[in-house]
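So the chains spell out like this:
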Amino acid sequence: MAVRMTRSTLLCVLVWLSGLALAACGGSGDPPAPGGKKAEAPAAVPVVVAEEPPREHRLPVPVEAVGWGQLTPADFAAAAGIWTGEPLAKLPAKPVGVALFVEGDGTLDVAFFAPKSAPVGGPHTRCHPAGASCWYTRPGRELGREVAERSHTSAGSFLTVSLTHPAAAVFVEARPLLRQLEIGELTLRVASGRVEAEVHSREKKLAQTLVDATHYWLMLAINERATFLQSTAVGSKFFDALPGATLGVKKNTIHFAMAGDCSMLAWSLLAMHQLYPYLHP
């Protein structure tokens, strides 16, 4: 299991090691104090307060949703601003839950989960109550009563999408090239200035078409970054960071990571049909 060491964690470890060193240097091997004086008491060992473990969060996700996750306040503002075209999206006080839906015509729609006392999404939204919170959707959207409780301990933003969900079939079937990639699940994460994507295959082994397509997309985006879709500042940031990206392929998983933020991730998703022809119908 990989552990991310933050600056505060590193400081606590250094203080703890310093305390061990002080205790080790205060052993009985020291000579007695001259003149029969009582030896001074060793320095007190600093008390190290362990970091609070990540808290588990539970999200009642409508069963018809093909994806679910959360957005930190800053990421919500960036993503919602790009998605709606309104750059001054209201900043929520706490992370916001998110659910992704596929409409009957194959288009995508989202809903946000937040307390009733702190609604998100602006005035033109509809509250679907869930305890003390709501799923906030566009006014005309209906949500089923059945939910599947999801739990996570992530502190950053993430979105997990299942392309094997029955509701995703209309989206996948309309894109034969995408269907050939045999993607089962896709997870996107944004945390600590890093963007990551993990792609899991429908089968136990990755389809060679998926492996080839992923490498092709990365090479295409890097090679064309000087002239390709650099109409916005966010797009320029995306292409500037691409050369430092990493791409790993395991038995049934592809992992991609690069420096970035939520605005870059949202921009790339909106521009994906141009970045990568496999998403064309």
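Structure first, text after, so check above.
Residues numbered from 1 in each chain as written. Predicted model: local features only at pLDDT ≥ 70, side-chain atom pairs only at ≥ 80, totals over all residues. Heavy atoms only, no water.

A. Summary view of the overall build of the protein. Broken down by element type, the protein carries eight helices and 12 strands. In the protein, which comprises 281 residues, the share counted as buried stands at 37%. Expressed as a percentage of contacts within the protein between residues at least 6 apart in sequence, the contacts between residues at least 24 apart total 63%. On the protein, roughly 17,000 Å² of surface is accessible, and the fraction owed to carbon and sulfur atoms is 60%. (Helix = DSSP H or I, 4+ residues; strand = E, 2+ residues; numbered from the N terminus. Buried < 20%, exposed > 50% of the residue type's maximum accessible area, 1.4 Å probe, protein only. Contact = heavy atoms within 4.5 Å. Areas by Shrake-Rupley, 256 points an atom, 1.4 Å probe, with all protein chains shown as cover.)

B. Main features of the sheet that holds strand β12 (residues 253-259). An order of β5-β6-β4-β3-β2-β8-β9-β10-β12-β11 is seen for the 10 strands of this open sheet, with the pairing classed as antiparallel. The sheet terminates laterally at β5 (126-130) and β11 (246-249), the two strands that pair on one side only. This sheet shows a mean twist of 15° between the axes of neighbouring strands, independent of strand direction. Where β11 and β12 come together, four bridges link them in antiparallel fashion. Across the sheet, residue Thr246 finds its bridge partner in β12, namely Ala257. Strand contacts of helix α7 (residues 262-270): β2 (67-71), β9 (183-191), β10 (194-201) and β12, with the helix running at about 150° to β9, the strand carrying the most contacts. (Pairing = 2+ DSSP bridges. Axes fitted to C-alpha atoms, helices over the stretch in contact; angles between N-to-C directions.)

C. Representation of the state of the cysteines in the model. With the rule as written, the count across this model stands at one disulfide. Here Cys127 engages in a disulfide with Cys134; their sulfurs sit 1.8 Å apart. The chirality of the disulfide connecting Cys127 with Cys134 is left-handed, given an S-S dihedral of about -45°. Owing to a relative accessible area of 35%, Cys127 belongs among the partly exposed residues under this scheme. (Disulfide = S-S within 2.5 Å.)

D. Representation of unusual backbone geometry. A positive phi is found at Glu182, a non-glycine position, where the angle reads about 55°. What makes Glu182 partly exposed here is its relative accessible area of 32%. One non-glycine residue with positive phi stands out, namely Ser192, at about 55°. Inspection of the secondary structure puts Ser192 in the loop between β9 and β10.

E. Broad picture of the packing of aromatic side chains. One pass over the full model with this rule turns up four aromatic pairs. Judged by centre distance (5.0 Å) and plane angle (90°), the ring pair of Phe76 and Phe112 falls under edge-to-face. Of this pair, Phe76 sits in helix α2 (residues 73-84) while Phe112 is found in strand β4 (residues 108-115), placing the two residues 36 residues apart along the sequence. The burial state of Phe76 is the same as that of Phe112; both residues are buried. On the basis of an interplanar angle of 90° and a centroid distance of 5.5 Å, the ring pair of Phe238 and Phe239 is categorised as edge-to-face. For the pair Phe238 and Phe239, one class covers both residues: buried. We note Arg141 situated over the ring of Phe101; from NZ or CZ to the ring centre the distance is 4.1 Å. Over the ring of Phe171 we find Arg175, and its NZ or CZ is 3.9 Å from the ring centre. (Phe/Tyr/Trp six-rings, centres within 6.5 Å; stacked < 30°, edge-to-face > 60°. Lys NZ or Arg CZ within 6 Å of the ring centre and 35° of its normal.)

F. Inspection of the nonpolar core at higher detail. Among the nonpolar cores identified, the biggest contains 52 residues, and Phe112, Leu210, Phe238, Leu242, Phe256 and Met258 are the most heavily contacted of them. Among the elements that take part in this core, helix α5 (residues 208-223) stands out by supplying six residues, more than any other. Each residue touching Phe256, except ones within four places of it in the same chain, is listed here: Val195, Glu196, Ala197, Trp217, Leu218, Leu242, Ala245, Thr246 and Leu247. Core analysis: the next-biggest nonpolar cluster, separate from the first, contains 11 residues, Phe101, Ala111, Trp135 and Leu143 among them. (Core = buried A, V, L, I, M, F, W, Y, C linked by side-chain atoms within 4.5 Å.)

G. View of empty space enclosed by the protein. Overall, the coordinates contain one cavity of 30 Å³ or more when judged by the stated rule. As a volume, the largest cavity reaches approximately 30 Å³. Around the largest cavity, the lining residues are Leu163, Val172, Leu178, Arg179, Glu182, Ile183 and Arg202. (1 Å grid on protein atoms, 1.4 Å probe; cavity = no way out; pocket = protein on both sides within 12 Å on 5 of 7 lines; lining within 4 Å. Points joined across faces, edges and corners; volume = space filled by probe spheres on them.)

H. Inspection of the side chain of Thr253 at higher detail. Turning to its location among the elements, Thr253 is positioned in strand β12. A distance of 3.1 Å separates polar atoms of two side chains, one belonging to Thr253 and the other to His200. Excluding anything up to four places from it in sequence, Thr253 contacts Val199, His200, Leu206 and Gly248. (Polar contact = N/O pair within 3.5 Å; in protein donor to acceptor, adjacent residues only side chain to side chain.)

I. Layout of the pattern of salt bridges. Throughout the structure, instances matching the rule amount to 10 salt bridges. In this structure, Arg58 engages Glu149 in a salt bridge whose closest nitrogen and oxygen atoms are separated by 3.2 Å. Here the residue Arg58 occupies a position in strand β1 (residues 57-62), and Glu149 occupies one in strand β7 (residues 147-152), the gap between them amounting to 91 residues. Judged by its relative accessible area of 56%, Glu149 is exposed. One salt bridge in this structure joins Arg179 and Glu173, with 3.4 Å as the shortest N-O distance. Assessed through its relative accessible area of 34%, Arg179 is described here as partly exposed. (Salt bridge = Lys/Arg side-chain N within 4 Å of Asp/Glu carboxyl O.)

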